[in-house]
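# Structural features, examined
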Amino acid sequence: MSSSASRSPILVTGGAGFIGSHVCVELINSGYLPVVVDNLCNSSAESLKRVAQITGVTPVFYQIDVNDKDSLRKVFATHSFEAVMHFAGLKAVGESSQIPMKYYRYNVAGTLSLTEVMEEFKVWKLIFSSSATVYGDPASVPIDEGFPTFTTNPYGRSKLIVEDILRDIAHSTGSSKADNQWNISLLRYFNPVGAHESGLIGEDPAGIPNNLLPYVAQVAIGKLQQLSVYGNDYDTLDGTGVRDYIHVVDLALGHVAALQSLNKTGVGCRAYNLGTGCGYSVLQMVNAFEKASGRSVPYKISARRPGDIASCYSNAQKAKAELGWEAKYGLERMMQDAWRWQQKNPNGFSE
Ligand code: NAD
Ligand code: WQD
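So, here's what we can say about the structure. Keep in mind it's a predicted model, so treat the numbers as computed, not measured. (Residues numbered from 1 in each chain as written. Chains lettered and ligands numbered in written order. Predicted model: local features only at pLDDT ≥ 70, side-chain atom pairs only at ≥ 80, totals over all residues. Heavy atoms only, no water.)

### Description of the site of ligand 2
In the vicinity of ligand 2 lie 18 residues, with Ser-131, Tyr-155, Ser-228, Arg-243 and Asp-308 positioned nearest. Here an oxygen atom of ligand 2 and a backbone polar atom of Leu-212 are 2.8 Å apart. At 2.5 Å from an oxygen atom of ligand 2 is found a side-chain nitrogen or oxygen belonging to Asp-308. Relative to its unbound accessible surface of 680 Å², ligand 2 loses 86% to contact with the protein. Examining the composition of the shell around ligand 2, we find that 4 residues originate from one element, strand β8 (residues 227–230), more than from any other. Broken down by class, the residue content of the shell around ligand 2 amounts to 8 nonpolar, 7 polar and 3 charged. (Near = heavy atom within 4 Å. Polar contact = N/O pair within 3.5 Å; in protein donor to acceptor, adjacent residues only side chain to side chain. Areas by Shrake-Rupley, 256 points an atom, 1.4 Å probe, with all protein chains shown as cover. Helix = DSSP H or I, 4+ residues; strand = E, 2+ residues; numbered from the N terminus. Nonpolar A, V, L, I, M, F, W, Y, C, P; charged D, E, K, R; others polar.)

See below:
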């Protein structure tokens, strides 16, 4: 199926971003038409041109803020959406403590604007980008969806608040109860890394990266001098932090599986971990990246980063059982694809 007209449109907010652009590719590969709403505050429309280059299908694009309900209404009036995938939001944990109001405006108020417009247009299926950050510092690993939720920063709180709002919406008994068909999946991502195998789309952080993998990649290519490893005295195999890194293409495929499962399940709101179930330490990541790139990644051991935890990895069985999805790419492939993206695009999407 290649013509855009015959494809079922899916609204993808934040679709020009790192995860959203990979989801656009997989939606197109599965026969859907991504309709992207993005204000480009942390991305470039070039990513969508690259999606078109990869797939031969151009996503529809509107440069709109999700808080702009009038513009959103025009988009909903133009397309008959089967479902909405909501990626739009801000995601830097440290920054969220400096400018919390902006985080709540974008992440919480933005979601309310979107769901209000969805209700007006009777579009009831929603997939929301949540995060493993909602588990705070878990008592044990692996983490399953029944673990208590807790968070210590405005970013994490914005995700928890939205999860609560969406659960309330899905179970609401208000005036439009007869109409209420809300069917919502909360996808709790662990640590997305890697890039599309084409090397055409990938993660393009503004300024100095906060996250491990983009930082390592920029050290390997010589843009940054050395990595600071934040602590080697954690209770882990080598003392450095352990995380569940998941290939962004696996994550994208998890969204398509969640979308297809929304069509089979009844109304309600469910949370799923999207992770691999495996944890790797910072030093294991550095070694794997050096192997994949053939470059050395000089590092020094620094103090722990405030707010970091020792270990965080998923129990991914619920997504396997209920969505029929599991991650298939291993660490080697994540590193190869991250390196290809970095090499082909040393300055990200800018010229
Ligand atoms: P990203 O910054 O690359 O993508 C987010 C996109 O949303 C960007 O294109 C940005 O321009 C857009 N956007 C932000 N605010 C907007 C607004 N008010 N209106 C319209 N567009 C807006 O980030 P990402 O890594 O692709 O993350 C996508 C989602 O997944 C986010 O909600 C994030 O919190 C969540 N998440 C990300 C990670 C991660 O490590 N990358 C982990 C867990 C959850
Ligand atoms: C991974 C490991 C660091 C950078 C964050 C958010 C989380 C989610 C994903 C959105 C840790 C270590 C890192 C560096 C290092 N985002 N590290 N040197 O902290 O697990 O999760 O991104 O929802 O909410 O908190 O990811 O990539 O920053 O760190 O040693 O320069 O790498 O200490 O152990 P994190 P990360």
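We are not done yet, so read on.
### Description of the site of ligand 1
Neighbouring ligand 1 are 26 residues, the closest being Asp-38, Asn-42, Ser-43, Lys-91 and Tyr-155. Contacts to ligand 1 include Asn-39, whose backbone N or O atom sits 3.1 Å from a nitrogen atom. The side chain of Lys-91 places a nitrogen or oxygen atom 2.8 Å from an oxygen atom of ligand 1. Protein burial of ligand 1: of its 820 Å² of free accessible surface, 95% is covered by the chains. Residue classes in the shell around ligand 1 are distributed as 13 nonpolar, 9 polar and 4 charged.

### With respect to the packing of helix α9 (residues 282–293) against helix α11 (residues 331–344)
Between α9 and α11, the shortest axis-to-axis distance is 9 Å and the interhelical angle comes to 60°. Taken together, the axes of α9 and α11 lie oblique to each other. Taken as a pair, α9 and α11 cross one another with a handedness that is right-handed. The residues of α11 that touch α9, namely those facing Met-285, Ala-288, Phe-289, Ala-292 and Ser-293, are Leu-331, Met-335, Gln-336, Ala-338 and Trp-339. (Axes fitted to C-alpha atoms, helices over the stretch in contact; angles between N-to-C directions. Parallel < 35°, antiparallel > 145°, perpendicular 65-115°, else oblique. Left-handed = near helix turned anticlockwise from the far one by under 90°. Contact = heavy atoms within 4.5 Å.)

### Re the side chain of Ser-158
Looking at where Ser-158 falls in the secondary structure, it is placed in helix α6 (residues 154–170). Judged by its relative accessible area of 0%, Ser-158 falls in the buried class. Separated by 3.1 Å, the side chains of Ser-158 and Asn-107 make a polar contact. Among all residues touching Ser-158, those that are not within four sequence positions of it are Tyr-103, Tyr-104, Asn-107 and Val-108. (Buried < 20%, exposed > 50% of the residue type's maximum accessible area, 1.4 Å probe, protein only.)

### Things to note about the nonpolar core
Ile-10, Ile-19, Leu-27, Met-85 and Leu-259 are the most contacted members of the largest nonpolar core, which has 41 residues in total. Leu-11, Val-37, Val-84 and Phe-128 belong to the second largest nonpolar core, which has 28 residues in total. (Core = buried A, V, L, I, M, F, W, Y, C linked by side-chain atoms within 4.5 Å.)

### Side note on α11
Relative to the 20 Å expected for 14 residues at 1.5 Å per residue, α11 spans 20 Å between its end C-alpha atoms, a close match to the ideal helical length. Those residues of α11 that fall on the buried side of the exposure criterion are Leu-331, Met-334, Met-335, Asp-337, Ala-338, Trp-339, Trp-341 and Gln-342. On its buried side, α11 packs onto α2 (46–55), β7 (191–193), α7 (212–220), β10 (245–247), β12 (280–281) and α9. (Expected span 1.5 Å × (residues − 1).)

### A closer look at the pattern of salt bridges
The final tally for this structure, using the stated rule, is 14 salt bridges. For the salt bridge of Glu-46 with Arg-50, the shortest nitrogen-to-oxygen distance reads 2.8 Å. Here Glu-46 pairs with Arg-50, and both are found in helix α2, just 4 residues apart, close to one helical turn. Glu-46 gets classed as partly exposed once you look at its relative accessible area, which sits at 23%. For the salt bridge of Arg-167 with Glu-163, the shortest nitrogen-to-oxygen distance reads 3.0 Å. Of this pair, Arg-167 and Glu-163 both sit in helix α6, separated by 4 residues, roughly a single helical turn. Where salt bridges share partners, they join Glu-163, Asp-164, Arg-167 and Arg-188 into one cluster. (Salt bridge = Lys/Arg side-chain N within 4 Å of Asp/Glu carboxyl O.)

### Topic: α6
Along an α-helix, a turn takes 3.6 residues, which lines up residues three or four apart on a common side. If you check α6, its first and last C-alpha atoms are 24 Å apart, about what 17 residues at 1.5 Å a residue would give, namely 24 Å. For α6, every residue scored as buried is listed here: Pro-154, Tyr-155, Gly-156, Ser-158, Lys-159, Leu-160, Val-162, Glu-163, Leu-166, Ile-169 and Ala-170. Lining the buried residues of α6 we find α4 (93–98), α5 (100–120), β5 (125–131), β6 (183–189) and β11 (268–274).

### Thoughts on the packing of aromatic side chains
Tallied over the entire structure, the rule returns 6 aromatic pairs. Centre to centre, the rings of Phe-76 and Phe-81 are 5.2 Å apart; their planes meet at 75°, and the pair counts as edge-to-face. The pair Phe-76 / Phe-81 is uniform in exposure class, with both members buried. Aromatic side chains Phe-289 and Trp-339 sit 5.8 Å apart centroid to centroid with 85° between the ring planes, which places their arrangement in the edge-to-face category. Note that Phe-289 is positioned in helix α9 and Trp-339 in helix α11, a separation of 50 residues in sequence. Both residues of the pair, Phe-289 and Trp-339, count as buried. Ring pairing ties together the aromatic residues Phe-76, Phe-81 and Phe-121, which thus form one cluster. (Phe/Tyr/Trp six-rings, centres within 6.5 Å; stacked < 30°, edge-to-face > 60°.)

### Side note on the sheet that holds strand β1 (residues 8–13)
Pairing in this open sheet of 7 strands is parallel, and the strands run β3-β2-β1-β4-β5-β6-β11 from one edge to the other. Since the sheet does not close on itself, it has two edges, and those belong to β3 (60–62) and β11, each with one partner. On average, adjacent strands in this sheet sit at an angle of 20° to one another, irrespective of strand direction. Relative to β11, β6 is paired through 7 bridges, and the arrangement is parallel. When the bridges of β11 are listed, Ser-185 appears paired with Arg-270. Lying on the sheet, helix α1 (residues 18–29) is in contact with β1, β2 (32–37), β4 (83–86) and β6; it crosses β2 at an angle near 155°. Lying on the sheet, helix α8 (residues 248–262) is in contact with β1, β2, β4, β5, β6 and β11; it crosses β6 at an angle near 160°. (Pairing = 2+ DSSP bridges.)

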